[in-house]
Amino acid sequence: MAEILQEQVIDCIKVEKVYDHCFSLEELPDTVEVSLGRALLPTDSISCQVTAVDCEVLQPLRDPDEEGFRTIDVAQHVTAVVTVVDEAGEVVGTTTVAQPPNYKSVTLYSPLGTQPACEIVDTFCEPVLIVSTGSETEPAVIRILKKLCKIVESLALVRLLVPTVGFCLPDPCAPFPQEFVCPPDQLYPPQLQD
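S.K.: Is there a simple way to think about the state of the cysteines in this case?
M.R.: When the sulfur atoms of two cysteines share a covalent bond, that bond is a disulfide. For the structure on display, the rule yields two disulfides. In this model Cys 48 forms its disulfide with Cys 125; the gap between the sulfur atoms is 1.7 Å. Because the torsion about its S-S bond is 50°, the bridge between Cys 48 and Cys 125 counts as right-handed. Highlighted residues: Cys 48 in strand β2 (residues 45-57) and Cys 125 in strand β5 (residues 115-132), separated in sequence by 77 residues. As far as burial versus exposure is concerned, Cys 48 and Cys 125 are alike and both buried. Look at the protein and number its bonded cysteines as they come in the sequence; the links are 1-4, 2-3. Cys 22 takes part in no disulfide bond, and the closest cysteine sulfur, belonging to Cys 118, lies 9.0 Å away. Judged by its relative accessible area of 23%, Cys 22 falls in the partly exposed class.

S.K.: Would you mind showing me how to read the sheet that holds strand β4 (residues 91-109) here?
M.R.: Sheets are built from strands that pair by backbone hydrogen bonding, the pairs being arranged parallel or antiparallel. Across the sheet, which stays open at both edges, the three strands sit in the order β2-β3-β4 with antiparallel pairing between neighbours. Each edge of the open sheet carries a strand with a single partner, namely β2 and β4. Sheet twist, expressed as the mean angle between neighbouring strand axes with direction ignored, is 20°. Bridging between strand β3 (residues 69-85) and β4 involves 16 bridges; their strand directions are antiparallel. Looking at β4, one finds that Val 85 is bridged to Val 91.

Cut-offs used in this document
Residues numbered from 1 in each chain as written. Predicted model: local features only at pLDDT ≥ 70, side-chain atom pairs only at ≥ 80, totals over all residues. Heavy atoms only, no water. Disulfide = S-S within 2.5 Å. Helix = DSSP H or I, 4+ residues; strand = E, 2+ residues; numbered from the N terminus. Buried < 20%, exposed > 50% of the residue type's maximum accessible area, 1.4 Å probe, protein only. Pairing = 2+ DSSP bridges. Axes fitted to C-alpha atoms, helices over the stretch in contact; angles between N-to-C directions.

Shown next, in the form of structure tokens:
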């Protein structure tokens, strides 16, 4: 652990300050078609995985009100893969679904000089309903639900005065224990003792 010096001083540091932020859970249902060349069987397993996601703040930004609050518009882009696997573990069908952008608005304290940002911090996807099992000529139709956990925040690069007790002084890195010792304990032959 780093050693802490005793004398406290006030330092000016340049940091990105969060003026306001919020979490939002988005649930995005979708219906997908998966071609199997046969009907979906009760022994088949269906999986869904989000493979790409991003969240962007839409421009131009709205002006903040007289108290500094503004409505921030964001768009989420999500791509998911739905896979059907038979009971032998073989993939019998897969489909990639790129959902059209999903738009949401949030209101945050975001006065002039701040910049809104959006970040997806977690995703989840699951099949929820078999709409149609399909056939040799028709694809199976599956209802899926994608969930996104996102943070929308209002940021600005600022200089802050903070009380500090000095710099962090790191400990030496601990070596990984090894069976091979270098140099060996007995590097030279023993000497004659008096």
